[in-house]
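# Structure at a glance
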Amino acid sequence: MQRTTHRRLIARPVVVSLAAAVALTATSCAKSEDDGANDTTSSAAADSAQKVAEPKPGSKTCTIDAFGGKKLDLKNATVGFSQSEREANPFRIAETQSIKDEAKKRGVKLLTANAQSQFSKQISDVQDLLAKGADLLVIAPLNSDGWEPVFKAAAAKKVPIVTIDRKINATACKDYVSFIASDFVEQGKRAADQMIEATGGKGEVAILLGAAGNNVTTERTKGFKDQIAKKAPGLKVVFEQTGDFAREKGQQVTEQLIQSKPGIKGIYAENDEMGLGAVAALKGAGKQPGAVKIVTVDGTRNAVKGIVDGWISGVIESNPRFGPLAFQTLDSFTKGDEVAQDVIIEDGAYAPDNAKTDIGKAY
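Let us look at the structure shown here. (Residues numbered from 1 in each chain as written. Predicted model: local features only at pLDDT ≥ 70, side-chain atom pairs only at ≥ 80, totals over all residues. Heavy atoms only, no water.)

### Concerning the overall build of the chain
Helix and strand content of the chain: 13 helices and 16 strands. Across the 363 residues that make up the chain, the buried fraction comes to 55%. Accessible surface for the chain amounts to roughly 15000 Å². Of this, 49% is attributable to carbon and sulfur atoms. (Helix = DSSP H or I, 4+ residues; strand = E, 2+ residues; numbered from the N terminus. Buried < 20%, exposed > 50% of the residue type's maximum accessible area, 1.4 Å probe, protein only. Areas by Shrake-Rupley, 256 points an atom, 1.4 Å probe, with all protein chains shown as cover.)

Rendered as structure tokens:
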């Protein structure tokens, strides 16, 4: 997702609960593959909902009149949801389940499709959702570019689009209505801060890059590198290779890394699955927990458990529970209210001092 970077309010961040998200939008926008760490509490479940950062002054909004759509009652509408990747990654499992749960809760008819990590399939999936009668679309894009056929088809039927997690490179309030996601540059900066603390700010570190072709990878990388350069010039990035956001690929790349760079001090994995792959590679090489500092982004239970077990130094949350906020945005928009073009989520973080107590918030 390429977008204007949103500055995080560090001194006293203003966060609103999902229950207050309507006001914000009006004035501006699972289960893991493993079985470990499945304890939850009701309070943790409540805390796990997405929270929206207060919009910056002058944030752009969109209305149905400006977009060129028509008002409708969400309860009588059909919503189409396009998932980008196979639901083996815990992030995607939780994301899809959240959409399904919210549709069921609201009594809204939901059509779903999964692109299985094939961009051409995702384009045809969305066109098929439109052909089946979707009045509204929620899209988790695989790539940021190449969406012109979808925009053309949706515009012909005046179907509003909300994108989540990754941003489509297009014009807000023309091609799509709102984009809902985390601040990925800020995630990279916070991951760098955790890496600096874990390593003492000195040594050689590697980056396991996410998939190419989307803003998540670009922005998480930028945030990390910028923060390292600013705060810890003694920490040097000496290795970068894509792990495609996949555990198996993350393991393979880390196996190559520890052969070519045996003195590597830290690994920044741009999602938890690659980080867990790195842990597997280090275990296979006979390394001890903590010998190589690992910092990841997502907040899956297995990654948080990795902190508890000493293998991972820190995890920056990227909350996948988009269902309530996506439907909230669609509901407000179709009633004629203003919604924000960019809806930015405030994410938490896990470290050795809170991983054990907060693991119930993870997904």
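### Structural notes on the state of the cysteines
What the rule picks out here adds up to 1 disulfide. Two residues, cysteine 62 and cysteine 173, share a disulfide whose sulfurs are 2.1 Å apart. Across the S-S bond linking cysteine 62 and cysteine 173, the dihedral sits near 80°, which makes this disulfide right-handed. Of the two residues, cysteine 62 is situated in strand S3 (residues 61-62) and cysteine 173 in the loop between strand S7 (161-164) and strand S8 (178-182); the sequence distance between them amounts to 111 residues. Among the residues examined, cysteine 62 registers a relative accessible area of 1% and is labelled buried. Its relative accessible area of 14% is what places cysteine 173 among the buried residues. (Disulfide = S-S within 2.5 Å.)

### Topic: unusual backbone geometry
Phi is positive for glutamine 116, which is not a glycine, with a value near 55°. Mapping glutamine 116 onto the fold places it in the loop between strand S5 (109-114) and helix H5 (119-131). Here glutamine 116 falls in the partly exposed class, since its relative accessible area comes to 41%. Residue phenylalanine 245 is not a glycine yet carries a positive backbone phi of 60°.

### Section: empty space enclosed by the protein
In this structure, the largest cavity occupies an estimated 120 Å³ of space. Lining the largest cavity, in full, are Glu85, Asn89, Phe91, Arg92, Asp165, Arg166, Val216, Arg220, Phe245, Asn271, Asp298 and Ser318. Counting only elements with at least two residues in the lining of the largest cavity, the list comes to helix H4 (90-106) and helix H8 (215-231). Among the residues making up the lining of the largest cavity, the classes are represented as 3 nonpolar, 3 polar and 6 charged. (1 Å grid on protein atoms, 1.4 Å probe; cavity = no way out; pocket = protein on both sides within 12 Å on 5 of 7 lines; lining within 4 Å. Points joined across faces, edges and corners; volume = space filled by probe spheres on them. Nonpolar A, V, L, I, M, F, W, Y, C, P; charged D, E, K, R; others polar.)

### Some points on the pairing of strand S11 (residues 266-269)
The alternating pattern of S11 places Gly266 and Tyr268 on one face and Ile267 and Ala269 on the opposite face, and all of these are buried. One ladder, built from 4 bridges, connects strand S9 (residues 203-209) with S11; its direction is parallel. Counterpart to valine 205 in the pairing with S11 is glycine 266. As judged from the 4 bridges shared by S11 and strand S12 (residues 293-298), these two strands associate in the parallel manner. Bridge pairing in S12 links tyrosine 268 to valine 295. Assessed by its sense of winding, the connection that carries the chain from S11 through helix H10 (residues 272-284) to S12 is right-handed. (Pairing = 2+ DSSP bridges. Right-handed = clockwise from strand over helix to strand, strands pointing away.)

### Comments concerning the nonpolar core
Leu137, Trp147, Ile161 and Ile312 are the most contacted members of the largest nonpolar core, which has 50 residues in total. Considering every element that reaches this core, the biggest residue donor is H10, with 5 residues. If near-sequence neighbours (up to four positions away) are discounted, tryptophan 147 is found in contact with Phe119, Gln122, Ile123, Val126, Ile139, Pro141, Leu142 and Ile168. One finds Phe81, Val138, Val162 and Ala340 within the second-largest nonpolar core, a separate group that totals 25 residues. (Core = buried A, V, L, I, M, F, W, Y, C linked by side-chain atoms within 4.5 Å. Contact = heavy atoms within 4.5 Å.)

### Re the pairing of strand S13 (residues 314-317)
With burial as the criterion, each face of S13 is covered, one bearing Gly314 and Ile316 and the other bearing Val315 and Glu317. Relative to S13, S12 runs parallel, the two being bridged by 4 bridges. Across the sheet, threonine 296 pairs through a bridge with valine 315, a residue of S13. Taking the sense of rotation as the criterion, the β-α-β connection linking S12, helix H11 (residues 301-308) and S13 turns out right-handed.

### Quick notes on the sheet that holds S13
Strands pair in a sheet through their backbones, by hydrogen bonds, and they do so in one of two ways: parallel or antiparallel. Ordered by their spatial adjacency, 6 strands build an open sheet running S10-S9-S11-S12-S13-S16, and the pairing between neighbours is mixed. Among the strands making up the open sheet, the edge pair consists of strand S10 (235-242) and strand S16 (349-350). Here H11 sits on the sheet in contact with S12, S13 and S16, set at roughly 150° to S13. (Axes fitted to C-alpha atoms, helices over the stretch in contact; angles between N-to-C directions.)

### What to know about the environment of lysine 100
For lysine 100, the location among the structural elements is in helix H4. A relative accessible area of 37% means that lysine 100 is categorised as partly exposed. A C-alpha to C-alpha distance of 10.0 Å links lysine 100 and proline 324, two positions 224 residues apart in sequence. Residues in contact with lysine 100, not counting those within four places in the same chain, are Leu110 and Thr112.

### Remarks on the packing of aromatic side chains
Counted by the stated rule, this structure contains 4 aromatic pairs. Here phenylalanine 67 and phenylalanine 333 contribute two aromatic rings whose centre-to-centre distance is 5.8 Å and whose plane-to-plane angle is 80°, an arrangement assigned as edge-to-face. In this pair, phenylalanine 67 sits in helix H3 (residues 64-67) while phenylalanine 333 sits in helix H12 (residues 323-335), placing the two residues 266 residues apart along the sequence. With a relative accessible area of 1%, phenylalanine 333 lands in the buried category. Residues phenylalanine 224 and tyrosine 268 carry aromatic rings whose centres are separated by 4.1 Å and whose planes lie at 15° to one another, so their mutual orientation is stacked. You can see phenylalanine 224 sitting in helix H8 and its partner tyrosine 268 sitting in strand S11, a full 44 residues away along the chain. (Phe/Tyr/Trp six-rings, centres within 6.5 Å; stacked < 30°, edge-to-face > 60°.)

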